[in-house]
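Okay, here's what each chain looks like letter by letter:
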Amino acid sequence: MKVLIATQKPFAAVAVEGIKSILEEAGHEVALLEKYPAQEDFVAAVADVEALIIRSDKVTPEVIAAAPKLKIVVRAGAGFDNVDLAAASAAGVVVMNTPGQNSNAVAELALGLMIFMARTQFTPATGSEIEGKRLGIQAFGNVGRLVGAKAKALGMKVSAIDPFLPDEKIIAGGAEPASSLEALYAGSDYLSIHIPATPETIGSIGYDLIASMPKGATLINTARKEVIDEAGLAKALRERPDLKYAADVAPDCYEALREEFGLRVFATPKKMGAQTSEANINAGLAAARQIVSFFATGDTRFQVNR
Ligand code: NAD
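Right, let's walk through the structure included here. No experiment lies behind these values; they were computed from the predicted model shown.

### A few points about the pairing of strand β7 (residues 157-161)
Inference 1: Taken together, the five bridges between strand β6 (residues 134-138) and β7 define a ladder with parallel strand orientation. For Gln 138, the partnering residue across the bridge sits in β7 and is Ile 161.
Inference 2: Traced from β6 through helix α6 (residues 142-153) to β7, the parallel crossover comes out right-handed.
Inference 3: By the bridge criterion, two bridges tie β7 to strand β8 (residues 176-177) in an arrangement that is parallel. Paired with Ser 159 across the bridge in β8 is Glu 176.

### Notes on the sheet that holds strand β9 (residues 190-193)
As a general point, the strands of a sheet are linked pairwise by backbone hydrogen bonds and lie either parallel or antiparallel.
Inference 1: Read across the sheet, seven strands follow the order β8-β7-β6-β9-β10-β11-β12 without closing on themselves; strand pairing throughout is parallel. Each edge of the open sheet is held by one strand with a lone partner, namely β8 and β12 (265-267).
Inference 2: Here β6 pairs with β9 via four bridges, running parallel. Within β9, the residue paired with Gln 138 across the bridge is Ile 193.
Inference 3: In the packing of helix α5 (residues 103-118) onto the sheet, contacts are made with β6, β9, β10 (218-221), β11 (244-247) and β12, and the angle to β11 comes to roughly 145 degrees.

### With respect to the packing of helix α1 (residues 13-25) against helix α12 (residues 277-297)
Inference 1: Remark: α1 packs on α12, axes separated minimally by 9 Å, with the N-to-C direction vectors making an angle of 15 degrees. In this view, α1 runs roughly parallel relative to α12, as classed from their interaxial angle. The handedness of the crossing between α1 and α12 is right-handed. Facing Val 14, Ala 15, Gly 18, Ile 19, Ile 22 and Leu 23 of α1, the residues of α12 in contact are Asn 280, Ile 281, Gly 284, Leu 285, Ala 288, Arg 289, Ile 291 and Val 292.
Inference 2: Of the residues that constitute the contact of α1 with α12, the class distribution is ten nonpolar, three polar and one charged.

### Here's the deal with the site of the ligand
Inference 1: Within the structure, the ligand sits among 23 residues, and Asn 142, Val 143, Asp 162, Thr 222 and Asp 248 are positioned closest to it.
Inference 2: The separation between an oxygen atom of the ligand and a polar side-chain atom of Asn 142 is 2.8 Å.
Inference 3: In the environment of the ligand, an oxygen atom lies 2.8 Å from a nitrogen or oxygen atom belonging to the backbone of Val 143.
Inference 4: Burial of the ligand by the protein amounts to 84% of the accessible area it has alone, namely 850 Å².
Inference 5: A breakdown of the residues in the shell around the ligand according to their chemical character gives eleven nonpolar, eight polar and four charged.

### Observations regarding the packing of aromatic side chains
Inference 1: What the rule picks out here adds up to four aromatic pairs.
Inference 2: Between Tyr 36 and Phe 42 the ring centres are 5.5 Å apart and the planes differ by 35 degrees, which places this aromatic pair in the tilted class.
Inference 3: Here Tyr 36 falls in the buried class, since its relative accessible area comes to 3%.
Inference 4: Judged by relative accessible area, which is 0%, Phe 42 ranks as buried.
Inference 5: For the ring pair Phe 116 and Phe 266, a centre distance of 4.8 Å and an interplane angle of 75 degrees mean the geometry is edge-to-face. Taken together, the residues Phe 116 in helix α5 and Phe 266 in strand β12 connect sequence positions 150 residues apart.
Inference 6: On the basis of relative accessible area, Phe 116 is assigned to the buried category, the value being 16%.

### Here we look at helix α11 (residues 254-261)
Inference 1: Burial in α11 covers these residues: Tyr 254, Leu 257 and Phe 261. Taken down its axis, α11 places every buried residue within 60 degrees of arc, on the same side. When the buried face of α11 is taken as reference, the exposed residues oriented beyond 90 degrees from it are Glu 255 and Glu 259.
Inference 2: Positive phi shows up at Gly 262, right after α11, with a value of about 55 degrees.

Here is what the cut-offs are and how they apply
- Residues numbered from 1 in each chain as written.
- Predicted model: local features only at pLDDT ≥ 70, side-chain atom pairs only at ≥ 80, totals over all residues.
- Heavy atoms only, no water.
- Pairing = 2+ DSSP bridges.
- Helix = DSSP H or I, 4+ residues; strand = E, 2+ residues; numbered from the N terminus.
- Right-handed = clockwise from strand over helix to strand, strands pointing away.
- Contact = heavy atoms within 4.5 Å.
- Axes fitted to C-alpha atoms, helices over the stretch in contact; angles between N-to-C directions.
- Parallel < 35°, antiparallel > 145°, perpendicular 65-115°, else oblique.
- Left-handed = near helix turned anticlockwise from the far one by under 90°.
- Nonpolar A, V, L, I, M, F, W, Y, C, P; charged D, E, K, R; others polar.
- Near = heavy atom within 4 Å.
- Polar contact = N/O pair within 3.5 Å; in protein donor to acceptor, adjacent residues only side chain to side chain.
- Areas by Shrake-Rupley, 256 points an atom, 1.4 Å probe, with all protein chains shown as cover.
- Phe/Tyr/Trp six-rings, centres within 6.5 Å; stacked < 30°, edge-to-face > 60°.
- Buried < 20%, exposed > 50% of the residue type's maximum accessible area, 1.4 Å probe, protein only.
- Arc of directions from axis to C-beta.

Here it is as structure tokens:
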């Protein structure tokens, strides 16, 4: 089978080598499309491929339509909102992610952002410490659980909410279950967002939740920019000069926020949560193994478009 690794933002070279060797050992042919200048280049490259490995690359209906032999797309990473699942399903294409493979990288970044904001973006101003502060975790999945465990080790008081997890799982993960999302926001000095971007979550975090946070609170978003209602965020920051916001990656209105609110806001210039060599390698190799196993035995364990 022909497998295309299509990555606008390439994997580390060592990850590409590992992916190639797993696929080639299993008898597959590997093609590489990196740093392509335009979406049309991606569309043009899929004509004869049976499998795709992508990162944040956009698998649109056009990509699916241009790939008549395509059987499987594996998103090397957790979020898969860059893949048009309906178009893939309609064409009988299996879509998978590689859950858990980059979670540690994202969790470390979330904690790094907390400390960075607590220390006024590493300027000499008097900052604060995160020990003893209340951390709320919105969605207790792979990343959320790791953030909780690491934050506890740093002396934070950790609460969490996840509508798809029973309280026992949150307690087993070392966090206090919050009674509601509203209670979590209202009772957290730091609130770390780990929900996926879905039709239900997009734009779901707005003025009411943000403005309900306690004095001096910081909202940390390493999930997706789309889950934030940006007008609501700006309004809350304007009315509450004590609130802060840090994100991976920048909201659309970042320049305006930065101009108006200065060091109270921060965003990474490019999404970098999973951008560590370890995460690159883990997610890339997992994607290759999942493709090998899919073609060898029909294994669809990590399918997300059932
Ligand atoms: P995960 O699938 O392990 O966990 C997601 C959790 O969200 C699950 O526990 C699920 O129950 C919960 N959830 C699902 N729908 C929800 C909803 N409507 N409201 C509240 N909770 C909901 O995913 P993860 O690995 O923890 O990653 C979480 C998100 O972080 C991803 O979807 C992705 O968007 C983002 N992410 C960002 C980066 C980055 O580079 N910044 C990297 C990895 C993941």
